[in-house]
Structure formats: structure tokens, C-alpha cells
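# Descriptive structure summary
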Amino acid sequence: MRGLFLLEKWLENAEGAVLLKLSKGQRRESRYFYFFISPWIIGFIIFALYPVGASLYYSFTDYDIIHAPVFVGMDNFKELFHDDQFWNSIVVTLKYTFISVPITLFLSLIFAILINQKVPFSGFFRTAMYFPSMISGVSMALLWFWVFNPQAGLFNYGLSLFGIDPIHWFLDEKYALWALIIMSFWGLGGGMLIFLAGLQGVPAHLLEAARLDGAGRWKTFWNVTFPMISPVFLFQLIIGVIESFQVFTQAYTITRGGPSYSTWFYVYNIYINAFKNFRYGYASAMAWILLIAVLFITYLIMRASKRYVYYEGGQNR
Amino acid sequence: MREAALKESANEVRRMRKWKLSQIIGFVILLLVTITMLSPVWFMVTTSLKTTKEMLVFPPTLIPKVFAWGNFSELFTNTDIKFGQQYRNSLIVSIFTVIGTIISSSFVAFGFARYQARSSSFLFMLVLSTLMLPYPAIMIPQFLLFMNLGLHDSLLPLILPSFFGSAYMIFLLKQFFSTLPDELYNAGRIDGCSEFRLYWNLTLPLAGPALATVAIFSFIWSWNDLLTPVLYLDSQENFTLPVGMAAMLSSKFRLAPWNLLMAASILSVLPIMLLFAVAQKRFVEGIVLTGIK
């Protein structure tokens with residue numbers, strides 16, 4: 001008897017778990033769920049899933065659009081390994097990223113802190129420093145191409161006030177990448193706004209408690225303020241790195257990768273190989289390496305941050 | 001009279017004294033930095049109003065001697081540039097992108113916010129993971145796809161994807177929709193609203209501010225995008241503004257027409273400035289929420 005009862009119970013549960021897990025209402029709900037998200041599912045398949053898969057396939061082929069793709073195995077990757085332009089593009093991109101991103105982050109945090117301590121006219125400074133960020137993309141590239149003009153540009157004029165001789169910024173392979181790095185600082189206003197919002201979100205009672213415990217400014221910053229804004233910092237770092245890996249506009253508009261390949265950015269290299277040299281297979285191999293690099297770097301930063309980032313209302317994840 | 005003035009200045013001194021030394025140092029640093037950062041903007045505006053002769057003068061003149069307003073009209077009259085046409089193309093692309101993004105992203109976000117299915121959390125993770133997908137990594141198959149559809153040298157490939165939802169905007173709107181109370185929807189259902197009307201007549205009207213943020217940022221991204229239009233557009237009359245301006249630099253002119261280029265840049269950032277002026281609060285909020293500048 002008891003065995004029968006248990007069997008019955010088991011059946012009931014199994015039925016519940018396998019056959020009738022969803023009640024009528026739940027089934028109705030999930031129908032609506034799929035109805036509403038269907039545009040995204042279609043878009044995801046066409047504009048994300050398919051391209052990721054197709055570009056993996058193309059990376060093992062020779063493909064010039066006119067002829068059908070020819071499978072060549074690992075040849076593209078082997079060729080990449082010996083391709084100086086490929087390695088150079090990696091060096092250029094990494095150099096730009098590792099100089100531009102940390103300095104931009106640092107400066108935007110400093111300015112956010114300065115504004116946050118209620119200096120006179122802080123509202124004006126906030127808007128004025130964000131203002132340049134509205135001039136982005138090609139407009140910004142053109143403006144800075146002109147600012148760095150060796151003969152009549154503003155930058156060399158500024159240097160001449162300090163007695164420094166004119167520099168041939170974008171015409172000199174030693175300086176072209178540096179000019180692009182300097183240019184990137186101009187857009188720090190957006191990051192500053194984000195930090196400012198983060199700083200304003202630090203609860204006053206924590207700062208007050210630190211003050212009462214006799215902590216100085218520096219200690220309060222490192223032990224209270226910075227941990228509180230560390231998620232913001234992490235997010236900005238990831239976005240900054242991912243964006244710098246994809247620099248294209250400046251290289252396309254200003255330098256065309258030159259002089260002497262000194263600003264031959266990774267994405268510019270993909271663009272040239274695919275859309276100028278019509279080597280879609282070869283470029284796809286590079287595109288896939290970029291994808292993996294972005295995922296890998298994001299993973300690394302997240303992992304490293306586990307120790308340093310503090311999330312309010314939960315243990316460190 | 002004199003007493004009042006004295007009192008006033010005493011107040012002034014008291015107010016000054018209230019500022020700590022660190023605040024005054026901060027003020028001075030910020031002032032210098034702001035002047036430095038805004039000087040290129042000044043340079044841009046003045047260059048756009050200079051004659052070709054004056055723009056090459058070194059050191060640059062602070063204020064143009066002759067205001068060459070003609071630079072702006074030349075952009076539209078010079079048939080080699082097709083600036084007006086390109087401006088129109090950019091407006092078409094960006095406006096349709098905004099419409100597509102708002103409709104599709106709010107639709108999808110509504111699904112994620114209000115309904116549960118077995119796979120809903122997995123699918124939402126998938127939405128978030130596409131945020132990390134770099135466009136250059138998928139642009140080649142996308143390009144070939146649109147080529148095969150015969151959409152080369154057309155504005156459609158720039159617009160179409162926005163009608164399938166943008167991951168950022170879905171995320172943003174889902175967060176917002178989740179804050180709306182369940183009672184609201186129950187009341188709607190009791191009144192006989194269909195699920196679609198719960199979305200269209202109930203949710204969207206409440207989401208005005210969030211939708212404004214979505215509109216502003218999808219406009220800016222689409223307006224500034226260079227890589228996508230560079231891939232798809234071949235003929236000058238189909239160029240969007242960024243492509244056209246980059247082409248202006250490299251062709252036709254023996255000497256780069258910096259005054260015209262600066263005038264073009266000013267006109268091209270004008271819509272963004274207008275958005276900022278009209279909706280500064282939404283603008284700042286959007287930057288803080290999306291983390292994208």
C-alpha cells in the first residue's frame with residue numbers, strides 16, 4: 001500500500017515537473033513573452049548570430065565576393081602570424097588604448113572630484129567640460145586635424161607661447177599617434193558626468209562617519225569614496241577599452257593609417273583588407289580575433305576587479 | 001547709502017571666506033582646464049567665419065577681421081560638395097533610426113519586463129551579451145547579406161537593423177518598465193485591455209522620459225556613425241554627413257578648405273547641440289544611465 005502511495009506521489013510530481021510544469025496561465029504568459037520579444041529574436045539571428053557564425057566560416061576561406069568562398073583551412077591565420085601590418089596594427093591599438101584610457105579615466109575622475117567639492121560656478125564647469133563631447137565623430141576629427149595643423153594650427157600656437165618649436169603632428173610618424181591620444185582627452189566630459197553622478201551617490205552619513213573617526217581627506221577618499229564608486233570606475237574602464245579597440249574614425253578621416261603605418265589601427269586594418277583589398281576571408285579571421293580579444297579583456301578586467309570592486313547591498317561578486 | 005554698501009561688501013567678504021582654500025585652488029584649476037578645452041571650439045567657430053587668406057595667418061587671429069558668412073552658404077551652393085543633399089540623407093537615416101529603435105526596443109523591453117517564460121532570464125542575458133559584440137567583428141557578413149539583397153549604395157542598411165531592437169535601449173527601457181506597478185496592469189486587464197493595448201495605451205504614455213532618453217541617444221549614435229555608411233555608400237549623393245565631410249577633406253580641393261570644413265562641422269553638430277539645449281536633463285541622465293558618452 002505504502003509503495004503504491006509513493007508511486008502515485010512520484011507520478012504526480014513527475015507529471016507536474018515534466019508534462020504540466022506550466023499552468024494554463026503560465027503558458028499564456030510565455031506566449032505573450034515570445035510575441036513581444038520576437039522582433040529582437042529575429043534581429044538577433046539575422047544581425048548577430050548569423051554574422052558571428054558566418055564570419056567564423058569565412059575566416060577559413062578565401063573570399064573575394066565575385067567567386068564563391070574557397071575553403072583554405074588555417075591558411076589565413078598562418079598568414080596573419082607572419083603579417084607585419086597585422087602585428088603593427090595590434091601594437092598601435094594597444095599603445096593607444098593603454099595610454100589613452102587610463103589617463104582619460106584619471107582626469108575625468110579628478111575633475112569630477114574638483115567640481116563635486118562645490119567650487120564656485122560648479123554648474124557652469126560641468127556644462128563647459130561636457131560641451132566638447134558633443135562634437136564627436138568626424139566633426140571632432142576634422143576640428144583636431146585643423147588644431148594640429150603645423151603651419152596655422154591652434155596647438156602649435158599654444159606651444160609657441162612656451163617657446164616650443166612647431167611640431168608636424170600628423171605628418172610625423174613619431175607624433176601622429178600622440179596627437180590622436182591628446183585628442184582623445186578632449187572627450188573626457190562624458191566620463192566626468194558619470195563619475196560626478198557616482199560621487200553624488202555616495203551617502204553623506206558614510207563620509208560623516210569617516211570624518212568623526214578622524215580620517216583625513218585622503219583616507220576618506222581611498223577607504224570610503226573610491227570603494228563606493230568603484231563599480232562606476234570598472235564599467236567605464238571596460239567601455240573605454242572596448243571602444244579604443246575599435247578606433248576607426250580618426251584613422252579614416254585624418255591619417256589614413258599613416259604616416260608610415262604609425263596610426264594603422266586594428267579596425268582600420270580590417271576595413272582595408274576587406275573593403276579595399278577584397279580579402280573578406282582574411283579580414284574575417286582578424287574580425288574573429290578582435291571578438292575574442294574583446295571578450296577576453298572584459299573577462300580579465302572583471303576577474304581582476306573581483307578583489308577591488310565593492311557592490312553595495314551584496315557580497316563581492 | 002554708504003552703510004548699505006559697506007554691509008554688502010562685508011557680506012561679500014564673509015561669503016569669500018566661506019570658500020575653503022581647496023575650493024579656490026579647484027576653481028582656478030577648473031577655470032584653466034575649461035579655457036583650454038573650449039579653445040578648440042572657439043578656433044572652430046572663428047575659422048568657419050574667416051576668409052581663406054585669413055585662416056592661414058599665424059598666429060591665428062582671435063576674431064575674424066572680415067566675417068565671411070559666405071562660407072556657410074557656399075556649402076549649399078557649391079555643387080562639388082552636395083552638402084545639403086548629404087545633410088538630408090543624415091536626417092533621414094537618423095530620424096528613421098530613432099523611430100525604429102523606439103518602437104522595437106520598447107516593444108521588446110515590454111516583453112522582458114512584464115512576462116516570464118522558462119527561458120526569459122537566459123534570453124535577457126543574451127541581450128546583454130550582444131552589448132559586447134564589437135561591430136567590426138560582424139560587419140563583413142552583414143555587409144555581404146545586404147549586398148545579396150541588392151541594398152548596396154542605399155540608406156536602408158543603415159536604418160533596417162534599428163527596427164529589430166537595440167540591446168542598450170532594450171536594457172534601459174526594461175529597467176524602467178519593471179518599476180511600473182502590477183496593480184496598474186491588473187486594473188487595465190479588468191477594464192478589458194488586450195495585452196497589446198497594455199503596451200500601447202498604458203505603458204508607452206507613462207514612459208515619456210525614458211523614451212526621450214532613448215530617442216536622444218539613438219539619434220546621436222546614428223548621426224555620428226562613420227564606419228557603417230562608409231561600407232555601404234558609394235556615390236556622393238547618397239553619402240551621410242560624416243562620410244561626405246571626410247570626403248571633402250580628401251578630394252577636389254588642392255588646399256584643404258578649413259573654413260568650409262569648420263562651417264560644415266558646426267552645422268553637423270547643430271542638431272546635437274539643439275537636443276542638449278532642449279533636453280539637458282534627459283541628456284545628462286542618459287549619459288549616466290548608459291555609461292556611453
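Note: the structure precedes this text.
Residues numbered from 1 in each chain as written. Chains lettered and ligands numbered in written order. Predicted model: local features only at pLDDT ≥ 70, side-chain atom pairs only at ≥ 80, totals over all residues. Heavy atoms only, no water.

## A short note on empty space enclosed by the protein
Threshold: Cavities and pockets are defined on a 1 Å grid built over the protein atoms alone: a cavity is a set of grid points where a 1.4 Å probe fits but cannot escape, while a pocket is an open set with protein on both sides within 12 Å along at least five of seven lines, and lining residues are those with an atom within 4 Å of any such point. Grid points are joined across faces, edges and corners, and a volume is the space filled by probe spheres set on the points. Elements are defined by DSSP. Helices are runs of H or I of four residues or more, strands are runs of E of two residues or more, and each kind is numbered from the N terminus. Charged means Asp, Glu, Lys or Arg here, nonpolar means Ala, Val, Leu, Ile, Met, Phe, Trp, Tyr, Cys or Pro, and polar covers whatever is left, Gly included.
The tally for this structure, following the rule as stated, stands at two cavities of 30 Å³ or more. One number sums up the size of the largest cavity: a volume of about 60 Å³. For the largest cavity, the full set of lining residues is Ser136, Val138 and Ser139 of chain A together with Trp223, Asn224, Leu241, Pro242, Met245 and Ser268 of chain B. Of all elements in the fold, only helix 6 (137-147) of chain A together with helix 12 (208-224) and helix 14 (241-250) of chain B reach the threshold of two or more residues within the lining of the largest cavity. For the lining of the largest cavity, a count of residues per class yields five nonpolar, four polar and no charged. Taken as a whole, the second largest cavity holds about 30 Å³ of empty space. Lining the second largest cavity are Arg126, Thr127, Tyr130 and Leu193 of chain A together with Phe276, Gln280 and Val284 of chain B. Only helix 5 (122-130) of chain A together with helix 16 (280-290) of chain B provide two or more residues apiece to the lining of the second largest cavity. Sort the elements by how many residues they give to the lining of the second largest cavity and helix 5 of chain A lands first, with three residues. Among the residues forming the lining of the second largest cavity, the class breakdown is four nonpolar, two polar and one charged.

## Let's talk about the interface of chain B and chain A
To be explicit about the condition: Working rule for contacts: check all heavy atoms of both residues, and any pair within 4.5 Å makes them a contact. Once two parts are joined, some of their accessible surface, as seen by a 1.4 Å probe, is lost; buried area is that loss totalled over both. By salt bridge we mean one thing: a side-chain nitrogen of Lys or Arg within 4 Å of a carboxyl oxygen of Asp or Glu. Whenever a nitrogen or oxygen atom comes within 3.5 Å of another N or O atom, the pair is scored as a polar contact, on the condition that within protein one atom can donate a hydrogen and the other can accept it, and that pairs from neighbouring residues in sequence are kept only if both atoms are in side chains.
In this complex, chain B contributes 93 residues to the contact, which on the side of chain A involves 96 residues. Across the chain B/chain A interface, buried area totals approximately 8500 Å², and carbon plus sulfur atoms make up 80% of it. Where chain B packs against chain A, one counts one salt bridge. Between Arg28 of chain A and Glu195 of chain B there is a salt bridge; the shortest N-O distance is 3.5 Å. Connecting chain B to chain A are eight residue pairs in polar contact (both at pLDDT 80 or more). By residue number, the principal contributor to the side of chain B that touches chain A is helix 2 (residues 21-48) of chain B, which donates 17 residues. Each residue belonging to the side of chain B that touches chain A can be placed in one class, and the counts come to 69 nonpolar, 19 polar and five charged.

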